[in-house]
Amino acid sequence: MDRWLALELASTIRHDGEGGVADDLATVQGTTDWIRKQEHLLAGQVRTGALAADEDLRLGIIELRQAVRALFARLVSPAPPSPADAHRLMTADQAMDRLNTAAAREPVAPQLDWPAGGVPAARLLSAEEDPYVRLVAALARAAIDFLSGPQSTQLRSCTAPRCVRYFVKSHGRQEWCKPSCGNRARAARHYRRRRTEADGGSTPS
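Residues numbered from 1 in each chain as written. Predicted model: local features only at pLDDT ≥ 70, side-chain atom pairs only at ≥ 80, totals over all residues. Heavy atoms only, no water.

Caption draft 1: Inspection of the overall build of the chain at higher detail. Each helix and strand counted, the chain has 6 helices and 6 strands in total. Mapped in sequence order, the helices and strands of the chain form the string α-β-β-α-α-α-β-β-α-β-β-α. For the chain, the residues scored as buried account for 39% of the 205 residues in total. A total accessible area of about 12300 Å² is found for the chain, and carbon and sulfur atoms account for 52% of it. (Helix = DSSP H or I, 4+ residues; strand = E, 2+ residues; numbered from the N terminus. Buried < 20%, exposed > 50% of the residue type's maximum accessible area, 1.4 Å probe, protein only. Areas by Shrake-Rupley, 256 points an atom, 1.4 Å probe, with all protein chains shown as cover.)

Rendered as structure tokens:
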């Protein structure tokens, strides 16, 4: 299954399994754990293995997440956005400014890599020494790539009860982010249908 760093960032806001919302970036340690889980997606840009977050980095990533989720909400419109933050989204202009500013903090230049017997490939060479700046800039670039790429047209907000995730629709009939959400949504529909039938049957003619 394809993974996108921007979607992974947005998904640090998730259903907690108990009817509420959990935040994977709520603590410095949680932020460090999340960064290290993105090692594969950040390969060649940031060395995550030895990187430990501090409070400033945590807040910087959260600010970037706010921008990404605001732009995700714009992308899925006129469908409703994730209910986790639908009532407090920044404007699209504010979100784009935050994203572009973060991406511009790291000076990078494309470099051609072409090993003998291999195929040419491009990589970004950074002149930035601060790993925190590099990380936030990499997250911002990933969001820009996602929002401007072909997969953005398939972004959806999961409508299952209690779910707050965004997901990329992978086939024509997909309505929810994962099978468990589909099961929960179908159960909720069945319950509502049964209640409607019961209420209708008890109403005097």
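Moving on from the coordinates now.
Caption draft 2: Local environment of the pattern of salt bridges. What the rule picks out here adds up to 7 salt bridges. Asp23 is the partner of Arg65 in a salt bridge, and the nearest nitrogen-oxygen pair spans 2.7 Å. Of this pair, Arg65 sits in helix H3 (residues 55-76) while Asp23 sits in strand E2 (residues 21-23), and the two are 42 residues apart along the sequence. Among the salt bridges present, the one from Arg141 reaches Glu106, with a minimum N-O distance of 2.7 Å. Taken together, the residues Arg141 in helix H5 (residues 131-148) and Glu106 in the loop between helix H4 (92-104) and strand E3 (108-113) connect sequence positions 35 residues apart. We note that Arg141, like Glu106, is buried. The network of salt bridges with common partners includes Glu106, Arg134 and Arg141. (Salt bridge = Lys/Arg side-chain N within 4 Å of Asp/Glu carboxyl O.)

Caption draft 3: Highlighting the environment of Cys181. Summarising the element assignment, Cys181 is placed in helix H6 (residues 179-202). For the pair Cys181 and Pro161, spaced 20 residues apart in sequence, the C-alpha separation works out to 7.6 Å. Among residues more than four places away in sequence, those in contact with Cys181 are Cys158, Ala160, Cys163 and Trp176. (Contact = heavy atoms within 4.5 Å.)

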